[in-house]
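Coordinate analysis (summary)
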Amino acid sequence: MVTLQPITEQNWYVCCQLTLSETQQTYMEPNAISLLQTVYEPTLEARAIYEDETMVGFLMYNTVPEELDARWVYRIMVDHAHQGKGIGRKATELMLEEMGRFGPEPIVVGYHPDNTGAHRLYASLGFVDEGHRFGRERAVIRRA
């Protein structure tokens, strides 16, 4: 069973030890950087992704609208050893439910254009590429 749980003083270090494959590491900052970001940006919410009792991933999103008048997904990652089991999809669905509680604004996620796995996942969850680009990232949007 996949659940989202808060990052706490008991589990933050485990979160920092989660890793992506060597290829995927070029797409995302390390979790330690993301956790530090939550200290300085209080509107960010960070969650650990658990499969049963084991932390297997991390995600982070904003609770207030930003660019494109939307809430943004900042990070979603599943440790390389736990990929390919549908955990990322289930965690993303749970995160979208959480984000929906903050309001009806669209949700945007940015990802590197070469990240075909992310592209397939977000497209299957109703995110549409409307041509928005932020730096090197493609930004796709999901409207209510």
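Look a little higher up for the structure.
Because the structure is a prediction, the values reported are computed rather than measured. (Residues numbered from 1 in each chain as written. Predicted model: local features only at pLDDT ≥ 70, side-chain atom pairs only at ≥ 80, totals over all residues. Heavy atoms only, no water.)

Another aspect to go through is helix H2 (residues 31-40). Listed as buried for H2 are Asn31, Ser34, Leu35 and Gln37. Taken down its axis, H2 places every buried residue within 155 degrees of arc, on the same side. Along H2, exposed side chains directed more than 90 degrees from the buried face belong to Val39 and Tyr40. Buried residues in H2 make contact with helix H1 (12-17), strand E2 (44-51), strand E3 (54-62) and strand E4 (71-78). (Buried < 20%, exposed > 50% of the residue type's maximum accessible area, 1.4 Å probe, protein only. Helix = DSSP H or I, 4+ residues; strand = E, 2+ residues; numbered from the N terminus. Arc of directions from axis to C-beta. Contact = heavy atoms within 4.5 Å.)

Of all 8 residues that make up E4, 7 are buried, and the element is covered over most of its length. Note that E3 and E4 share 5 bridges and pair antiparallel. Looking at E4, one finds that Tyr61 is bridged to Val73. Pairing of E4 with strand E5 (residues 107-111), which is carried by 3 bridges, proceeds in the parallel orientation. (Pairing = 2+ DSSP bridges.)

Time to look at the pattern of salt bridges. Under the definition given, this model contains 8 salt bridges. The shortest N-O distance in the salt bridge between Arg47 and Glu98 comes to 3.1 Å. Of this pair, Arg47 sits in strand E2 while Glu98 sits in helix H3 (residues 87-100), placing them 51 residues apart in sequence. In terms of burial, Arg47 and Glu98 fall into one category: buried. The salt bridge involving Arg143 is made with Glu130; its shortest N-O contact spans 2.9 Å. Separated by 13 residues along the polypeptide, Arg143 in the segment after strand E7 (137-142) and Glu130 in strand E6 (residues 128-134) bring together distant segments of the chain. Overall, Arg143 belongs to the partly exposed group, its relative accessible area being 48%. Where salt bridges share partners, they join Glu45, Arg47 and Glu98 into one cluster. (Salt bridge = Lys/Arg side-chain N within 4 Å of Asp/Glu carboxyl O.)

Geometric values such as these leave the question of function open.
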